[in-house]
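Secondary and tertiary structure notes
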Amino acid sequence: LLAKRGVTEIHDIATWPADPGLQGTFVERSFTDVTLFAELAAAGRLPVRVGVRPFLGRWAEFARQVPDTGHPLITFTGLKLFVGGHGYTADDGSAILVSPSFRDPGEAVAAEWVRAAHRAGVGCSLHAIGDGDVHAALDVFQRAFRGGGAGGVPHRLVHLRSVRRRDVLRLVALGIAAEIQPFDVLEDLPRLRGHLSPAGIERLAPYRELADAGVPVLLGSDWRAAGDLRAADPLVGMAAAVLRRVPGTADEPLPGRGLTPEQALDAATRAGAVAAGGGPERGTLTVGQAADIAVLSEDPLSCPPDRWPTLERLVTLCAGRVTHSAAGVQE
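This report concerns the structure included in the present document. (Residues numbered from 1 in each chain as written. Predicted model: local features only at pLDDT ≥ 70, side-chain atom pairs only at ≥ 80, totals over all residues. Heavy atoms only, no water.)

Focus on the packing of aromatic side chains
To be explicit about the condition: Only Phe, Tyr and Trp rings take part, Trp by its six-membered ring, and two of them pair if their centres are within 6.5 Å. Stacked means planes under 30 degrees apart, edge-to-face means over 60, and tilted covers everything else. Working definition: helices are DSSP H or I runs of at least four residues, strands are E runs of at least two. Numbering for both runs from the N terminus. Exposure is judged per residue with a 1.4 Å probe applied to protein chains only, and the accessible area is read against the type maximum: over 50% gives exposed, under 20% gives buried, and values in between give partly exposed.
Applying the stated rule across the entire model yields three aromatic pairs. Between Phe-141 and Phe-145, the aromatic rings sit 5.7 Å apart at their centres with planes inclined by 35 degrees, giving tilted as the arrangement. Taken together, the residues Phe-141 and Phe-145, both in helix α5 (residues 131-145) and four residues apart, mark about one turn of the helix. The exposure classification of Phe-141 matches that of Phe-145, with both residues buried.

As structure tokens, this is what we get:
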């Protein structure tokens, strides 16, 4: 399914071998073990690269050396933590739409974990949804860095459905990337409109503000094997980031400016590869880089974004291997 949509690389918040049993799996949030990907790769059935991000609380296991997964398509790309309990900010400053996370150990412990991983050069992904969660996650990074910044270590915030202006500036100052999922925000928009004020709606999906300020913007999907495959389609996500509405609909767009087509394409290709540590090897069509390529029926920069999801994916290659070819296409 992913290869048919031109996808060549995914991230999974998977567990790692030798985790402490089912309870550890539950805490880590994922019931996917990295050995599943290894078995698929060994059988020649893995059509995408997989970057694995285990639970940040296990930082000591991964701080000494980057683990070897045994297959070049599967890499350790850092550690992750779910920040919760702060939600979105109402006009009176109170927190609304709060999603507590029992995996969040609190700012002090989280900062210690991030600091330890940072010293080892291991990137941390903090999952923060509402602007209150984003603010709290940036507090963790700021406390962990003790007045410094990321210094080239690939740290990121994930989701950022809503961001306050001052936190856009903090992302820049701290050197933190923003991994966004535009379709995910729009899919939940009816619920959000029922709870957020006009000011709260205006803070949603400030992707152009982030990009123009100099924050590296990375396009993800947060696809959770839902029935709606649009969430897994990078061209849908790209179009949604530009249009600020679901492409192919007459929905009222979110206020504010969308990404430019060029920014959206960069977020779906080069920027994500760089943040995953693959910048020297992949992310652009450059001599010497890995052949991770999606061939489309038309240049997306030459047609309206509403048409992007309808473009045919003629061929997908991952590490030089054809993982999808449309009917009638000769390899």
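Examining the environment of Ile-129
Filter applied, for reference: In this description, contact between two residues means that some pair of their heavy atoms is separated by no more than 4.5 Å.
One can find Ile-129 in the loop between β7 (124-128) and α5. Judged by its relative accessible area of 33%, Ile-129 falls in the partly exposed class. With 29 residues separating them in the primary sequence, Ile-129 and Val-158 have C-alpha atoms 7.5 Å apart. Excluding residues within four positions of it along the chain, Ile-129 makes contact with Tyr-88, Val-134, His-159, Leu-160, Arg-161 and Ser-162.

Topic: unusual backbone geometry
Located in the positive-phi region is Leu-97, a residue other than glycine, with phi close to 50 degrees. Looking at where Leu-97 falls in the secondary structure, it is placed in the loop between β6 (95-96) and α4 (107-119). A positive phi is found at Arg-244, a non-glycine position, where the angle reads about 65 degrees. Within the element layout of this structure, Arg-244 appears in the loop between α11 (234-243) and α12 (261-268).

A closer look at the sheet that holds β7
Applicable threshold: Two strands are said to pair when DSSP picks up at least two bridges between them. All axes are obtained by fitting lines to C-alpha atoms, using only the stretch in contact for helices, and the reported angles, taken between N-to-C directions, cover 0 to 180 degrees.
As summarised here, the arrangement of the five strands in space is β4-β7-β8-β9-β10, forming an open sheet in which the pairing is parallel. Strands with a single pairing partner mark the edges of an open sheet, and in this sheet they are β4 (79-82) and β10 (217-219). Direction aside, the axes of adjacent strands within the sheet are offset by 25 degrees on average. Sheet analysis places β4 next to β7, joined by four bridges and oriented parallel. Bridged to Leu-79 within β7 is Cys-124.

A look at the pattern of salt bridges
Defined as follows: A carboxyl oxygen of Asp or Glu within 4 Å of a side-chain nitrogen of Lys or Arg is what we treat as a salt bridge.
The final tally for this structure, using the stated rule, is 21 salt bridges. When the shortest N-O distance is used, the salt bridge between Glu-9 and Arg-282 registers 2.9 Å. Of this pair, Glu-9 sits in strand β1 (residues 9-12) while Arg-282 sits in the loop between α13 (270-275) and β11 (293-296), and the two are 273 residues apart along the sequence. With a relative accessible area of 11%, Arg-282 lands in the buried category. A salt bridge links Arg-257 to Asp-212; the nearest nitrogen and oxygen atoms lie 3.0 Å apart. Residue Arg-257 is located in the loop between α11 and α12, and its partner Asp-212 is located in helix α10 (residues 207-213); the two are separated by 45 residues in the primary sequence. Exposure remark for Arg-257: the relative accessible area of 51% places this residue in the exposed category. A network of salt bridges, in which partner residues are shared, links Arg-161, Asp-184, Asp-188 and Arg-191.

So, α11
To keep things clear, this is the line we draw: Two N or O atoms form a polar contact when they lie within 3.5 Å of each other; inside protein one atom must be a possible hydrogen donor and the other a possible acceptor, and for residues adjacent in sequence the pair counts only when both atoms belong to side chains.
Counting buried residues along α11, nine of its ten residues qualify, which places the element largely inside the surrounding structure. Those residues of α11 that fall on the buried side of the exposure criterion are Leu-235, Val-236, Gly-237, Met-238, Ala-239, Ala-240, Ala-241, Val-242 and Leu-243. Looking at the buried side of α11, the elements it contacts are α7 (182-187), α10, β10, α12, β11 and β12 (313-318). Of the residues that open α11, the one with a side-chain oxygen 2.9 Å from the backbone nitrogen of Leu-235 is Asp-233. Positive backbone phi, approximately 65 degrees, marks Arg-244, located one or two places after α11.

Overview of the packing of α5 against helix α6 (residues 165-174)
Filter applied, for reference: The labels follow the angle: roughly parallel below 35 degrees, roughly antiparallel above 145, roughly perpendicular from 65 to 115, and oblique for the rest. Each helix crossing is assigned a hand: it is left-handed if the near helix lies turned anticlockwise from the far helix by less than a right angle, otherwise right-handed if that turn is clockwise. Residues are grouped as follows: Ala, Val, Leu, Ile, Met, Phe, Trp, Tyr, Cys and Pro are nonpolar; Asp, Glu, Lys and Arg are charged; every other residue, Gly included, is polar.
In contact at an axis separation of 10 Å, α5 and α6 are set at 30 degrees when each is read in the N-to-C sense. The orientation of α5 relative to α6 falls into the category roughly parallel. As for how α5 packs across α6, the hand of that crossing is left-handed. Of the residues in α6, those in contact with Asp-131, His-135, Leu-138, Asp-139, Phe-141, Gln-142 and Phe-145 of α5 are Arg-166, Asp-167, Arg-170, Leu-171 and Leu-174. Each residue belonging to the contact of α5 with α6 can be placed in one class, and the counts come to five nonpolar, two polar and five charged.

Let's talk about the packing of α4 against α5
Relative orientation of the contacting elements α4 and α5 amounts to 55 degrees, with a least axis distance of 8 Å. By the angle between their directions, the pair α4 and α5 is classed as oblique. The chirality of how α4 crosses α5 is right-handed. Listed contacts from α5 to Glu-107, Ala-108, Ala-110, Ala-111, Val-114, Arg-115 and His-118 of α4 are Asp-139, Val-140, Phe-141, Arg-143, Ala-144 and Phe-145. Looking at side-chain class alone, the contact of α4 with α5 contains eight nonpolar, one polar and four charged residues.

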